[in-house]
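# Fold and geometry: a report
Here is what each chain is made of, one letter per residue.
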Amino acid sequence: MVIMDKPTGAWSGRFSEPVDELVKRFTASIPFDYRLAEFDIKGSLAHARMLAQVGVISPKDFAAIEQGMAEILAEIRAGQFEWSLDLEDVHLNIERALTAKIGDAGKRLHTGRSRNDQVATDIRLYLRDAVDRTLDGIRACQNSLLDLAEQHANTVMPGFTHLQVAQPVTFGHHMLAYFEMLDRDHARLADARKRINRLPLGAAALAGTSYPIDREFVARELGFDGVCENSLDAVSDRDFAIEFAAAASLIMMHFSRLSEELILWMSPRFGFIDLADRFCTGSSIMPQKKNPDVPELVRGKTGRVFGHLMGLLTLMKGQPLAYNKDNQEDKEPIFDTVDTLLDTLKIYADMLKGVRVKPQAMRQAAHEGFSTATDLADYLVKKGLPFRDAHEAVARAVRAAEINKCDLADLPLDELQAFSPLLGQDVRAVLTLEGSLSSRNHVGGTAPDQVKAAVARARGKMASAGR
Ligand code: ARG
């Protein structure tokens, strides 16, 4: 990006000395808000079309504005537009370029409008676009999770609580847990979109405007669901951006947890999975290393997104109505949140496809942790023993197996019967991993049949919901 340094402020008529160089740099937003250019032009065109419609500007002026904006947009897209620090922000840069091209018609564009409602409109258009791309990104990750869940509906792994082996689950069931988290993330963002998608234009600086504007027309032109109902609110609040940052934080939190698991599972101590080489890096000193850098970075970048949420909340909390320059500080955190989020979703949708599961290691780990002990207790309960007594009997059996360095299933029946005479031949089936899994056969349970049914339901829901 080229940033020029030309001496001409847009509001210099009011002042008797040029602005201090440092102050100029301090107050300018063009180094980052140039990213709003496409949305700024879109908003300006809708505003100009409306002005022509209600007769505030002539059709000829509007035609010139349309033509000039098309040229500017082409220059921006080609990277040929010269952004000037003296013109402070994206709005003044584009307006000045327009006037340079078409003269007085360009100067009429800002009629009935202020940069305050202009920037609020731009940021809403930007965020709406970001939300739509995020929603698609979430769906892509959900599809990758469903593919894994389907492939591994029967793959046994230890389920953990306190990171200690607890009960057997399937890897497919584990993947479906993340599917559910992302499903709520999707719903949350789709809901936030409703509040983002309202038109601030017409609020002007803060109180509205005396021109006979048609706000509904502009809203329709820009695809907004309606107009912001109060002009002071329209230019000053950024709660919709905070809501986006909160939804983004929850998404990152979920991916951070999944990242933590992938990192643990890839460690040779677990050895449950391998990640495709293209998502890992080596070490410059240790030739044997393959490091899960991508999940580690997702876990790390989650911190900056949480930080942006806190930054935006803090930015807003002390501001009196209506617009204050503080709000210019909303952009960098919003942009960085969107960039981090979209990269994470894109990488994850692909990385999940490259997860290679090692079923033998998972099964081995499930065996080692007495993961069917609860099944044994449940078996005794079904034979009439009160649960607390069953718990006690099985705990003693586990201790015996531990001393013998074997699994519960490896203890001979007569030894098991020492812990409870209720134990019969049929206990063998209960102690197997497969027996444990298939007994949890209800909606939300880990039985392979339930996992397959859940995948089918999820696919149906995704297909019918679209975005
Ligand atoms: N660059 C400003 C921002 O991002 C645009 C609005 C400026 N309005 C004003 N009255 N100074 O918020």
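Below: a short report on this structure. None of the values given here were measured: they were computed from a predicted structure.

Here we come to the layout of surface pockets. The space that makes up the largest pocket amounts to roughly 510 Å³. Lining the largest pocket are 24 residues, with His-173, His-174, Ala-177, Gly-444 and Gly-445 sitting closest to its centre. When residues of the lining of the largest pocket are traced back to their parent elements, those giving at least two are strand S3 (156-161), strand S4 (164-170), helix H8 (171-196) and helix H20 (448-465). Of the residues contributing to the lining of the largest pocket, the split by class is 11 nonpolar, 9 polar and 4 charged.

Enumeration according to the criterion identifies 35 salt bridges in this entry. The closest approach of N and O atoms between Lys-24 and Asp-86, which form a salt bridge, is 3.0 Å. Of this pair, Lys-24 sits in helix H1 (residues 21-27) while Asp-86 sits in the loop between strand S2 (82-84) and helix H5 (90-102); the two residues are 62 residues apart in sequence, bridging distant segments of the chain. In this structure Lys-24 comes out as buried when scored by relative accessible area, which is 10%. Each of Glu-88, Asp-89, Arg-115 and Lys-325 takes part in a single network of salt bridges with overlapping partners.

Looking now at empty space enclosed by the protein. A complete count under the given rule lists 1 cavity of 30 Å³ or more for this structure. Taken as a whole, the largest cavity spans an internal volume of roughly 30 Å³. Along its surface, the largest cavity is lined by Leu-145, Tyr-178, Leu-182, His-254, Phe-255 and Leu-258. Elements represented by at least two residues in the lining of the largest cavity include exactly H8 and helix H11 (239-266). Looking at the lining of the largest cavity, the element that brings in the most residues is H11, giving 3 residues. Partitioned by chemical class, the residues of the lining of the largest cavity number 5 nonpolar, 1 polar and no charged.

On to the pairing of S3. Pairing of S3 with S4, which is carried by 6 bridges, proceeds in the antiparallel orientation. Its bridge partner being in S4, Gly-159 is matched across the sheet by Gln-167. Connecting S3 to the next strand, S4, in antiparallel fashion are 2 residues, including His-162 with a positive phi near 60 degrees.

For the rest of this paragraph, the subject is the packing of aromatic side chains. Enumeration over the complete set of coordinates arrives at 8 aromatic pairs. Between the aromatic rings of Phe-171 and Trp-265, the centroid separation amounts to 5.7 Å while the plane-to-plane angle is 65 degrees, which identifies the pairing as edge-to-face. Highlighted residues: Phe-171 in helix H8 and Trp-265 in helix H11, separated in sequence by 94 residues. As far as the burial class goes, Phe-171 and Trp-265 line up, both buried. Here Phe-255 and Tyr-348 contribute two aromatic rings whose centre-to-centre distance is 4.8 Å and whose plane-to-plane angle is 50 degrees, an arrangement assigned as tilted. Of the two residues, Phe-255 is situated in helix H11 and Tyr-348 in helix H13 (residues 331-353); the sequence distance between them amounts to 93 residues. By the ring-pair criterion, three or more aromatic residues cluster together here, those being Tyr-34, Phe-81 and Trp-83. Against the face of Phe-240 rests Arg-124, its NZ or CZ located 4.0 Å from the ring centre.

Here the focus is the packing of helix H4 (residues 59-77) against H5. Viewed as axis vectors pointing N to C, H4 and H5 meet at an angle of 120 degrees, and their least axial separation amounts to 9 Å. Of the possible angle classes, the one that applies to H4 and H5 is oblique. Considering how the two elements wind past one another, H4 and H5 form a crossing that is right-handed. Of the residues in H5, those touching H4 at Ala-64, Ile-65, Gly-68, Met-69, Glu-71, Ile-72, Glu-75 and Ile-76 are Ile-94, Ala-97, Leu-98, Lys-101 and Ile-102.

Now for the site of the ligand. All residues adjacent to the ligand are Ser-29, Asp-89, His-91, Arg-115, Asn-116, Val-119, Tyr-323, Gln-328 and Lys-331. The separation between a nitrogen atom of the ligand and a polar side-chain atom of Ser-29 is 3.2 Å. Contact distances for the ligand include 2.5 Å between an oxygen atom and a side-chain N or O atom of Tyr-323. Here the element with the most residues in the shell around the ligand is helix H7 (residues 115-151); it accounts for 3 residues. The residue inventory of the shell around the ligand, partitioned by class, reads 2 nonpolar, 4 polar and 3 charged.

With 105 residues, the main nonpolar core has Ile-72, Ile-94, Leu-127, Phe-255, Ile-273 and Tyr-348 as its most contacted residues. No other element matches the 14 residues that H11 contributes to this core. Residues within four places of Tyr-348 in sequence aside, it is in contact with Cys-141, Phe-255, Leu-258, Ser-259, Leu-262, Pro-295 and Val-298. Of all hydrophobic cores here, the second largest spans 21 residues; its members include Leu-376, Ala-393, Val-394 and Leu-423.

As for its position among the elements, His-308 is in helix H12 (residues 293-317). For His-308, a relative accessible area of 17% puts it in the buried group. At 2.6 Å, the side chain of His-308 and the side chain of Asp-336 are in polar contact. Aside from chain neighbours lying at most four places away, what touches His-308 is Pro-333, Asp-336 and Thr-337.

As a packed pair, helix H3 (residues 37-53) and H5 sit with axes 10 Å apart at the nearest point and diverge in direction by 60 degrees. Considered as vectors, H3 and H5 are oriented oblique to each other. The hand of the H3/H5 crossing is right-handed. Contacts between H3 and H5 involve Ala-37, Asp-40 and Ile-41 from the former and Val-90, His-91 and Ile-94 from the latter. Counted by class, the contact of H3 with H5 contains 4 nonpolar, 1 polar and 1 charged residues.

What follows deals with a nonpolar patch on the surface. On the surface, Leu-206, Leu-232 and Leu-321 cluster together to form a nonpolar patch covering roughly 270 Å² of accessible area. Within the secondary structure, Leu-321 is located in the loop between H12 and H13.

The rules we used
- Residues numbered from 1 in each chain as written.
- Predicted model: local features only at pLDDT ≥ 70, side-chain atom pairs only at ≥ 80, totals over all residues.
- Heavy atoms only, no water.
- 1 Å grid on protein atoms, 1.4 Å probe; cavity = no way out; pocket = protein on both sides within 12 Å on 5 of 7 lines; lining within 4 Å.
- Points joined across faces, edges and corners; volume = space filled by probe spheres on them.
- Helix = DSSP H or I, 4+ residues; strand = E, 2+ residues; numbered from the N terminus.
- Nonpolar A, V, L, I, M, F, W, Y, C, P; charged D, E, K, R; others polar.
- Salt bridge = Lys/Arg side-chain N within 4 Å of Asp/Glu carboxyl O.
- Buried < 20%, exposed > 50% of the residue type's maximum accessible area, 1.4 Å probe, protein only.
- Pairing = 2+ DSSP bridges.
- Phe/Tyr/Trp six-rings, centres within 6.5 Å; stacked < 30°, edge-to-face > 60°.
- Lys NZ or Arg CZ within 6 Å of the ring centre and 35° of its normal.
- Axes fitted to C-alpha atoms, helices over the stretch in contact; angles between N-to-C directions.
- Parallel < 35°, antiparallel > 145°, perpendicular 65-115°, else oblique.
- Left-handed = near helix turned anticlockwise from the far one by under 90°.
- Contact = heavy atoms within 4.5 Å.
- Near = heavy atom within 4 Å.
- Polar contact = N/O pair within 3.5 Å; in protein donor to acceptor, adjacent residues only side chain to side chain.
- Core = buried A, V, L, I, M, F, W, Y, C linked by side-chain atoms within 4.5 Å.
- Patch = residues over 30% accessible without salt bridge, like charges linked within 9 Å, V, L, I, M, F, W, Y side chains within 5 Å.
- Areas by Shrake-Rupley, 256 points an atom, 1.4 Å probe, with all protein chains shown as cover.

Purely spatial values, then, with no claim about function.
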